[in-house]
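# Structural description and commentary
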Amino acid sequence: MPPARPAPPHASSAGRARRLPPPVLAVVAVVALLALPVAPDGGGGAHPADAVSALVVVYCALRLVRNRRRPLSRTAAVVLGLPVLGLAVAAAGAVSPGAGLTGLGRYLQVFVLVPAAVLLLVRDRADVRLLTWSMVGLAVWQGAVGVHQYATGTGASYQGEQIRAVGTFGAQDVMGMATVVSLGLVCAVGLALGPAPVRRRLLAAGCALVLLLPLALSFSRGAWIATAVTCAVQLLLSGVRRALAVGAAVVAAVVAAAVVLVGGFGVGTALLQERVGSITQVADAPDQSVTDRYTMWAAAAGMWRERPLTGVGLKGFPEHRDTHASLALSSGSETDGAGAGYRRQPLLSPHNMYVLVLAEQGLTGLVALAGSWLALLVLGLRRLRGARREQGSAPECAFVACGLLVWQLTDFAYADIGGPSTVLTAVCLGLAAWWALGSPAQGAPGALASTAQGVPGALGPTAQGTPRAPEPPAEEAPQASRPTPQKASER
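What you see is a predicted model; the values in this text were computed from it and never measured.

Bringing the overall build of the protein into the picture now. Helix and strand content of the protein: 18 helices and 4 strands. Pairs at least 24 residues apart make up 77% of the contacts formed inside the protein by residues separated by at least 6 positions. Total accessible area on the protein stands at roughly 22800 Å², and carbon and sulfur atoms take up 65% of it.

Despite not being glycine, Phe219 has its phi angle at roughly 55°, a positive value. Classification of Phe219 as buried rests on a relative accessible area of 0%. We note that Lys315 has phi near 65°; this positive angle belongs to a residue other than glycine. Looking at the secondary structure, you find Lys315 in the loop between α13 (288–306) and α14 (317–324).

With respect to the helices, strands and loops of the structure, Thr422 is situated in helix α17 (residues 422–437). Along the primary structure Thr422 and Ala49 are separated by 373 residues, whereas in three dimensions their C-alpha atoms are 9.7 Å apart. Apart from the residues lying within four places of it in its own chain, the contact partners of Thr422 are Arg106, Val110 and Ile417. Within the structure, Thr422 has its side chain in polar contact with the backbone oxygen of Gly419 (distance 3.0 Å).

Right, let's talk about the state of the cysteines for a bit. Linking two cysteines covalently through their sulfur atoms gives a disulfide. Scanning the entire structure with this criterion turns up 0 disulfides. Here Cys397 is not cross-linked by a disulfide; its sulfur's nearest cysteine counterpart is in Cys402, at 9.2 Å. The class of Cys397 is buried, set by a relative accessible area of 3%.

In this fold, Thr410 is placed in helix α16 (residues 396–411). Owing to a relative accessible area of 18%, Thr410 belongs among the buried residues under this scheme. In this structure the side chain of Thr410 is engaged in a polar contact, spanning 2.8 Å, whose partner is the backbone oxygen of Val406. Setting aside chain neighbours within four positions, we find Thr410 in contact with Ala226 and Val229.

In a soluble, globular protein the nonpolar side chains are often hidden away together inside. Counting 114 residues, the largest nonpolar core has Phe111, Leu131 and Met135 as the members making the most contacts within it. In contact with Met135, other than residues within four places in its own chain, are Val31, Leu183, Gly184, Cys187, Leu404, Leu424, Val427, Cys428 and Leu431.

What follows covers the pairing of strand β2 (residues 161–164). As paired strands, strand β1 (residues 156–158) and β2 are joined by 3 bridges and run antiparallel to one another. What sits directly across from Ser157, in β2, is Gln162.

Applying the stated criterion across every chain, the model contains 8 aromatic pairs. Look at Tyr294 and Trp297: their rings are 5.6 Å apart centre to centre, the planes differ by 50°, and that puts the pair in the tilted class. In this pair, Tyr294 and Trp297 both sit in helix α13, 3 residues apart, roughly one turn of the helix. What makes Tyr294 partly exposed here is its relative accessible area of 36%. Under the relative-accessibility criterion, Trp297 is labelled partly exposed at 24%. Among the aromatic residues, those joined into a cluster by ring pairs are Tyr107, Phe111, Tyr354, Trp373 and Phe412. Sitting over the ring of Trp435, Arg383 keeps its end group 4.1 Å from the ring centre.

This next bit is on the pattern of salt bridges. Taken as a whole and judged by the stated rule, the model has 5 salt bridges. Here Asp127 ties to Arg123 by a salt bridge, and the two come within 3.2 Å at their closest N and O atoms. A salt bridge links Arg125 to Glu396, with the nearest nitrogen and oxygen atoms 3.6 Å apart. Of this pair, Arg125 sits in helix α7 (residues 125–152) while Glu396 sits in helix α16, and the two are 271 residues apart along the sequence. When salt bridges with common partners are traced through the structure, they connect Arg125, Arg129 and Glu396 into a single cluster.

On the surface, Leu236, Val240 and Leu244 cluster together to form a nonpolar patch covering roughly 330 Å² of accessible area. Within the secondary structure layout, Leu244 lies in helix α11 (residues 240–265).

Confidence in the prediction for the protein averages 80 pLDDT; 74% of positions are at 70 or higher. When the criterion is pLDDT under 50, residues 10–14 qualifies, and its contacts beyond four places in sequence or with other chains add up to 5 contacts. Across residues 442–491, where pLDDT falls below 50, the model places 69 contacts with residues more than four positions away in sequence or in other chains.

Here we come to the packing of α7 against helix α8 (residues 175–193). Two elements in contact, α7 and α8, have axes separated by 8 Å at closest approach and are oriented at 135°. Compared by their axis directions, α7 and α8 come out oblique. Every pair of crossing elements has a handedness; the one defined by α7 and α8 is left-handed. Packed against α7, whose contacting residues are Thr132, Trp133, Met135, Val136, Leu138, Ala139, Gln142, Gly143 and Gly146, the element α8 presents Met177, Val180, Val181, Leu183, Gly184, Cys187, Ala188 and Leu191 at the interface. Across the contact of α7 with α8, the residue classes tally to 12 nonpolar, 5 polar and no charged.

The next subject is the side chain of Asp411. As for its placement among the helices and strands, Asp411 is situated in helix α16. Notably, Asp411 is buried but unbridged: the nearest opposite-charge side chain belongs to Arg293, and the N-O separation is 8.0 Å. When sequence neighbours within four positions are dropped, the list of residues in contact with Asp411 reads Gly222, Ala223 and Ala226.

Our next topic: helix α15 (residues 353–391). Over its 39 residues, α15 runs only 37 Å from end to end, short of the ideal 57 Å by more than 12%, given 1.5 Å per residue. In the structure, α15 departs most strongly from a straight axis at Gln361, where the bend amounts to approximately 130°.

Glancing now at α13. Every α-helix carries 3.6 residues per turn, so stepping three or four residues along brings you back to the same face. The end-to-end C-alpha distance of α13, which contains 19 residues, comes to 27 Å, matching closely the 27 Å that a straight helix rising 1.5 Å per residue would cover. If you check which residues of α13 are buried, you get Val290, Asp292, Thr295, Met296, Ala299, Ala300, Gly302 and Met303. Here the buried face of α13 lies against α10 (221–237), α14 and α15.

The rules behind these values
Residues numbered from 1 in each chain as written. Predicted model: local features only at pLDDT ≥ 70, side-chain atom pairs only at ≥ 80, totals over all residues. Heavy atoms only, no water. Helix = DSSP H or I, 4+ residues; strand = E, 2+ residues; numbered from the N terminus. Contact = heavy atoms within 4.5 Å. Areas by Shrake-Rupley, 256 points an atom, 1.4 Å probe, with all protein chains shown as cover. Buried < 20%, exposed > 50% of the residue type's maximum accessible area, 1.4 Å probe, protein only. Polar contact = N/O pair within 3.5 Å; in protein donor to acceptor, adjacent residues only side chain to side chain. Disulfide = S-S within 2.5 Å. Core = buried A, V, L, I, M, F, W, Y, C linked by side-chain atoms within 4.5 Å. Pairing = 2+ DSSP bridges. Phe/Tyr/Trp six-rings, centres within 6.5 Å; stacked < 30°, edge-to-face > 60°. Lys NZ or Arg CZ within 6 Å of the ring centre and 35° of its normal. Salt bridge = Lys/Arg side-chain N within 4 Å of Asp/Glu carboxyl O. Patch = residues over 30% accessible without salt bridge, like charges linked within 9 Å, V, L, I, M, F, W, Y side chains within 5 Å. pLDDT = per-residue confidence, 0-100. Axes fitted to C-alpha atoms, helices over the stretch in contact; angles between N-to-C directions. Parallel < 35°, antiparallel > 145°, perpendicular 65-115°, else oblique. Left-handed = near helix turned anticlockwise from the far one by under 90°. Nonpolar A, V, L, I, M, F, W, Y, C, P; charged D, E, K, R; others polar. Lys, Arg positive; Asp, Glu negative; His and termini not counted. Expected span 1.5 Å × (residues − 1). Bend = angle between axes of the 7 residues up to and from the residue.

Encoded structure:
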């Protein structure tokens, strides 16, 4: 009886790795913590999700040290590390060392460290689905809270009525729920467009339709525009014929829901119509919020003209705002309701990420930061097109990742970072980087497509997270006692 062949050294370690909890659960914990309510007084301080995101970065670093492997490819290191150049220059030119360090830490968290940690902790498409469904679940929860606030009159104040849906984020962060619901809706649309089982796709499509109501009740024009643009891009990426068919179905469903809600129950007839109509009234008769935004954009442009290359420094916009703003700028915005009392908040940012970066970091920072985002978008779209060409259809993670990035880049024209929901921006950039740059455990994106030949719908890491080693030929059986060399993708 021939002696039993010893298992390859990497087989037992791969089995143990599969038995351990997936590392992506650390990122899921960050998403889940955003369901916790924020203090009603808006007293500031870090949200638990921000604190756990820092622990995720530490956890990722410890895993890299233990595994003793190069964390990122050269392309990934350049794309994700590009913003550091502008941030370092802007931090050195900040108004005070404390402001520079605080701003540097926040920007590194959102645009460099957490996205890199997500890229390293997400192993395969199963991890992407888990993280994506967690974002959909968070959006459904926050949306349910927002709809309840509207129905019971316990939301944030909007034109004298406490009906604005803000979820658990409170009146101090009226964009928090809108951001979460929009990103969850984009994730649901991406899951519905992928080659998944019919039941799963129908569930995702149902979640997307359900999330339309809380998104409307958020009264956030920027979130409306970004979501509409992103969903249109996702549909076009799935194919023109499919986009026309699905688009017609969605329009019919939205019209039917509007008829039932507005005509049958009288939900938001006047206020929603006024809010939607105000989107086009940006030149003739803009409201005060639009006037304030244009005034702050002009002030940011003045700061940039003063220091075109380096800007006024991180956290410098509030210090230089009054010097460059005109008298059309109001003294602040009023917040009330959702468990908090009346409060007047100063306008400390221009509500446009591109303008904010241009003012505080100059052309150096804008080129570095926007260049990193553009590189992720180009690489992600190119890989999606390659997947459709080779496999016939792209996986759901492609529509999710590209959609999240498109939403962020569109929303940045109407908002900037700030508030607890900002940590979701970092998670979205990490997912986009995973798809655009390839999982570090699997090598370059080009290698992923070649390893997926013959597997229906496969692109990227396998569902188990570790590629299965090929069976040795029969004539090589006597030499099987030697340890099988590990592939680069298994190290």
